[in-house]
Amino acid sequence: MNAHIPVRALGRYAAGDPGIAADVLWAMETHLEQCADCRSRLADASDGDSMALLATVWVKVEAAMSAAEPATVRRRWMPARSARWVTPVLVPWLVTTVLVVLVALGFDLAVAGRGVAPPSLVVLLAPVAPLLGVATAWTGRLDPAHELVVATARAGLGMVLRRTLVVLVVVIPVLTVAGWMVGASPARWLMPCLAFTAGALALGKVVGLPRAAWGLALLWATVVVGPSIVTARLPVLLTEAALPGWAALTVVVALVLLPRRSGYAELR
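Residue numbering note: each chain is counted from 1, following its sequence as written. At least 70 in pLDDT is required for a residue's local features to be given in this predicted model, at least 80 for side-chain atom pairs to be given and counted, and no such filter applies to totals for whole chains, interfaces and linings, which use all residues. Water and hydrogen atoms play no part in the side-chain values, which are based on all heavy atoms of the structure.

Asker: How do you make sense of the overall build of the protein when you look at a structure like this?
Answerer: Numbering goes from the N terminus for both helices and strands, where a helix is a DSSP run of H or I of at least four residues and a strand is a run of E of at least two. For the protein, the helix and strand inventory stands at 13 helices and zero strands. Ordered by position from N to C terminus, the α and β elements of the protein give α-α-α-α-α-α-α-α-α-α-α-α-α. Looking at the protein as a whole, 39% of its 268 residues are labelled buried. What makes two residues a contact is simply this: any of their non-hydrogen atoms within 4.5 Å. Restricting the contact set of the protein to residue pairs at least 6 apart, pairs at least 24 apart contribute 77%. Note on areas: Shrake-Rupley, 1.4 Å probe, and residue coverage restricted to the protein chains presented here. Of the accessible surface of the protein, which amounts to about 15000 Å², a share of 67% is contributed by carbon and sulfur atoms. When accessible area is computed with a 1.4 Å probe and restricted to protein chains, residues below 20% of their type maximum are described as buried, those above 50% as exposed, and intermediate ones as partly exposed.

Structure follows, in structure tokens:
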């Protein structure tokens, strides 16, 4: 990788700054394992006086720990390893997605109680519901550790797919329960949901993942959700007859996406 750890961040790491976020720390340590130049710069940043001071402090800390009662040791690598699967910025977007689904569910239940039968808002939103979370899986604007993550050997499509899987694992069960409550089978929206997710990942290699996800969501809302609410009719794209087409689209997009495994490592 051409990217290296910034001088200021390397200095904080050498000084043992406890304020470094877990995902940033994981990214820096992973990069140091692969980059001899950064390891050399780290050795230069840790001068003799600093090392002597750290050694003195460590002796005192060890003495205090031996005198104290055993306590639960916080394993720093656990939250750092989880950064491969989820970023801190992902959680608020997942909560927002769940709230949107709950609002749609409340609307459907309220309308059903009046004896009216328009298209289910849960079904209409389900295909693009995961895109809010998918948009944060690989973005430099929202993730403060993005540049460091890109510089690691583990960066790329594999990490994006893991983070996307986390989104689907959270969102799909919520949609399933909401659909069951309004009498809608997952067969109507699950395949479109996977197709939109794969499409966002494929387009994200060209225009950036946030733009791809938000653009597809806006397109679906404009072309399908809006007209369906106005006409009070379920769109053809969400009928069982359209499922083979969604399945074929998902396969085609996956075949386009997988060969270029290193594409996401090149995004900035």
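Asker: Explain the packing of aromatic side chains to me, please; I cannot follow it from the model alone.
Answerer: Aromatic rings in a pair are described by how distant their centres are and how their planes are angled relative to each other. Within 6.5 Å between ring centres, the rings of Phe, Tyr and Trp (the latter by its six-membered ring) count as paired, and their orientation is classed by plane angle as stacked under 30 degrees, edge-to-face over 60, tilted in between. In the structure shown here, the tally under the stated rule is four aromatic pairs. Both rings, one in phenylalanine 196 and one in tryptophan 220, keep their centres 5.1 Å apart while their planes meet at 75°; by these two values the pair is edge-to-face. Of the two residues, phenylalanine 196 is situated in helix H11 (residues 190-207) and tryptophan 220 in helix H12 (residues 209-231); the sequence distance between them amounts to 24 residues. Plain terms: the ring middles of tryptophan 220 and tryptophan 246 are 6.2 Å apart, the flat faces sit at 65° to each other, and that makes the pair edge-to-face. Here tryptophan 220 is found in helix H12, whereas its partner tryptophan 246 is found in helix H13 (residues 243-257), with 26 residues between them in sequence. An identical accessibility class is assigned to tryptophan 220 and tryptophan 246; each is buried.

Asker: I'm lost on the environment of glycine 245 in this one. Help?
Answerer: Relative to the assigned elements, glycine 245 resides in helix H13. The spatial distance from the C-alpha of glycine 245 to the C-alpha of methionine 191 is 9.4 Å, given a sequence separation of 54 residues.

Asker: Help me understand the nonpolar core in this model?
Answerer: Buried together is how nonpolar side chains tend to be arranged in soluble globular proteins. Think of a nonpolar core as a cluster: buried Ala, Val, Leu, Ile, Met, Phe, Trp, Tyr and Cys residues, connected wherever their side-chain atoms sit within 4.5 Å. In this structure, Leu131, Leu175, Phe196, Ala200, Leu209 and Trp220 are the most contacted members of the largest nonpolar core, which totals 48 residues. Elements with a minimum of two residues in this core: helix H2 (22-34), helix H6 (90-112), helix H7 (121-125), helix H8 (131-134), helix H10 (157-181), H11, H12 and H13. For this core, the leading source of residues is H10, giving nine residues. Here leucine 175 is in contact with Val101, Ala126, Ala129 and Trp189, once residues within four sequence places are set aside. Ranked by size, the runner-up nonpolar core spans eleven residues in total, among them Leu10, Ile20, Cys38 and Leu42.

Asker: How do you make sense of the packing of H10 against H11 when you look at a structure like this?
Answerer: To characterise two packed helices, one gives the angle between the axes of the helices and the distance between these axes. At a closest axis distance of 12 Å, the pairing of H10 and H11 adopts a crossing angle of 155°. For the element pair H10 / H11, the angle class is roughly antiparallel. Handedness of the H10/H11 crossing: right-handed. In contact with Val160, Leu161, Thr164, Leu168 and Ile172 of H10, H11 contributes Leu190, Leu194, Thr197 and Leu201. Angles here are taken between N-to-C directions and fall from 0 to 180 degrees, while the axes themselves are lines fitted to C-alpha atoms, restricted in helices to the stretch in contact. Throughout, the term roughly parallel applies to angles under 35 degrees, roughly antiparallel to angles over 145, roughly perpendicular to angles from 65 to 115, and oblique to all others. By convention, the crossing between two helices is left-handed when the near helix turns anticlockwise from the far helix through less than a right angle, and right-handed when the turn is clockwise.

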